[in-house]
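The lines below spell out each chain.
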Amino acid sequence: MIKKVLVTGGAGFIGSHLTDELINCGYEVRILDNLSKQVHGKEQKKPTYLNPKAEFHIGDVRDKQAVQYALNGVDAVFHFAAMVGVGQSMYQIRDYTEVNNVGTATLLECLIEKPVKKLVMASSMSIYGEGLYKDSNANLITECERELEDLKNDKWEMYKNGKELQPIPTSEDKKPTLASVYALSKYDQERLSLITGKAYNIPTTALRFFNVYGTRQALSNPYTGVLAIFASRLLNNNPPMIFEDGNQKRDFIHVKDVARACRLAMEKPEADGEVLNIGSGNQYTITYIANQLAEVMNKDIPPEITGNYRIGDIRHCFANTSKTEKVLGFTPEVDFKEGLLELAQWLKGEIAEDNVNKASDELAERGLTV
Ligand SMILES: NC(=O)c1ccc[n+]([C@@H]2O[C@H](COP(=O)([O-])OP(=O)(O)OC[C@H]3O[C@@H](n4cnc5c(N)ncnc54)[C@H](O)[C@@H]3O)[C@@H](O)[C@H]2O)c1
């Protein structure tokens, strides 16, 4: 029986909500987190939102001793500690590879010595690259890419033989198309965990999160979390900055739903050895998201559509959730508008440093925007 659970990265956005979910369901939780500056600020203070019932260890997942110590007496592990951000990963290649790939390898070596009853790791929709498409004859298109020439001419949609393709929900069997160092590291984390889990009889599940939103997402981190980035712009009375034409579609899922799905993945043996999409199945354009957020925040600030393209960005991706529904018996419960209202309420008490221009300049300087 699982009693005590380790959550690496448990001081972060998703990990802290998962900690609450586990404690509310009667589990004991230990957190291992290095309180990275990018997420927790220069002072690296333990966040006030952390559940007081959780045991907190400050430490790095790359540090074998810290991981070994954190694993003492633990029955299950959620591996969430990671550097998160597609654009930034394209120049901080070493840091991303060290924390994400080597960090996971370190944890796995420790787990060989101290096996647990379950390992759940956080993967990402980013590994798909573009989502699935179909052509006008309903043929499935599993691999496609946009031409730079088209993008330079503001031709944003996906075409094959001159004909526009229709995006459809992406299922777990879509072949990964790894378009960034971050995506590569998440895929590596996923495979490392599943391969090692199988070899050493550690039941393992990889969860491919889509766009997660909700309270506690780091507002001053300009590298990740589109809604948090838009919120930080709006809190500073700046327009959300949107790439391309704003009609790219994504799948947003509330963090409390994600936390519940994570707990179910730990509890259900049917999830052992599986890879599962954790999304809502809904598809919203980025412009719609920016407008909805401005509305709930009572800000009359329309987004700025830049018409720029970020190298490695995809056009559309949203989840096919049928496998997850079947395996976990999970369907999301938080309505998008209600989730946004809760986020807006939380934002009222928050101060956000708007670092978006700095992050955009960093990409542009390196030729990573077109
Ligand atoms: N937020 C999303 O929409 C999303 C989508 C797909 C996948 N994911 C994945 O989910 C996981 C959690 O993401 P999040 O949004 O909560 O991110 P987050 O940045 O809020 O949390 C990550 C936590 O990991 C910690 N951390 C970073 N490096 C560490 C290290 N070397 N050692 C120990 N701790 C370290 C940070 O201090 C932070 O508290 C990540 O693995 C991420 O790749 C998130």
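Preceding this section is the structure that the text describes.
Residues numbered from 1 in each chain as written. Predicted model: local features only at pLDDT ≥ 70, side-chain atom pairs only at ≥ 80, totals over all residues. Heavy atoms only, no water.

**Considering the sheet that holds strand S10 (residues 166-168)**
At step 1: On the basis of which strands lie adjacent, the open sheet formed by three strands has the order S7-S6-S10 and antiparallel pairing. Edge positions in the open sheet fall to strand S7 (140-141) and S10, since each of these has one partner strand only.
At step 2: In this structure, strand S6 (residues 132-134) lies alongside S7, joined through two bridges in antiparallel fashion. Bridging from a neighbouring strand, Lys134 pairs with Leu140 of S7. (Pairing = 2+ DSSP bridges. Helix = DSSP H or I, 4+ residues; strand = E, 2+ residues; numbered from the N terminus.)

**Examining the sheet that holds strand S11 (residues 204-209)**
Backbone hydrogen bonds are what pair the strands of a sheet, in a parallel or an antiparallel way.
At step 1: Strand order in the open sheet made by the seven strands is S3-S2-S1-S4-S5-S11-S16, with parallel pairing throughout. On the outer flanks of this sheet lie strand S3 (55-58) and strand S16 (275-278), each paired with one strand and no other. Neighbour-to-neighbour, the strand axes of this sheet turn through a mean angle of 20 degrees, independent of strand direction.
At step 2: Pairing of strand S4 (residues 76-79) with strand S5 (residues 118-124), which is carried by four bridges, proceeds in the parallel orientation. Counted as the bridge partner of Val77 is Leu119 from S5.
At step 3: Against the sheet, helix H5 (residues 93-113) touches S4 and S5, its axis set at about 175 degrees to S4. (Axes fitted to C-alpha atoms, helices over the stretch in contact; angles between N-to-C directions. Contact = heavy atoms within 4.5 Å.)

**Re a nonpolar patch on the surface**
At step 1: A surface patch of nonpolar side chains, about 210 Å² in accessible area, is lined by Leu148, Ile311 and Val370.
At step 2: Along the polypeptide, Val370 turns up in the segment after helix H13 (356-365). (Patch = residues over 30% accessible without salt bridge, like charges linked within 9 Å, V, L, I, M, F, W, Y side chains within 5 Å. Areas by Shrake-Rupley, 256 points an atom, 1.4 Å probe, with all protein chains shown as cover. Salt bridge = Lys/Arg side-chain N within 4 Å of Asp/Glu carboxyl O.)

**Some points on the nonpolar core**
At step 1: Residues Val5, Leu22, Phe78, Phe209, Met266 and Leu328 are the most contacted members of the largest nonpolar core, which totals 37 residues.
At step 2: Setting aside residues no more than four positions away along its own chain, Leu22 makes contact with Val5, Val7, Tyr27, Val29, Phe78, Arg263 and Met266.
At step 3: Among the nonpolar cores identified, the runner-up in size contains 24 residues, and Leu227, Ala231, Tyr284 and Ile301 belong to it. (Core = buried A, V, L, I, M, F, W, Y, C linked by side-chain atoms within 4.5 Å. Buried < 20%, exposed > 50% of the residue type's maximum accessible area, 1.4 Å probe, protein only.)

**Section: the state of the cysteines**
At step 1: Tallied over the entire structure, the rule returns zero disulfides.
At step 2: Cysteine Cys144 is unpaired, with the sulfur of Cys317 as its nearest cysteine sulfur at 11 Å. (Disulfide = S-S within 2.5 Å.)

**As for the side chain of Ser16**
At step 1: Following the sequence through the fold, Ser16 ends up in helix H1 (residues 13-24).
At step 2: Overall, Ser16 belongs to the buried group, its relative accessible area being 1%.
At step 3: Excluding its chain neighbours within four sequence positions, the residues that come into contact with Ser16 are Gly10, Ala11, Tyr49, Leu50 and Arg216.

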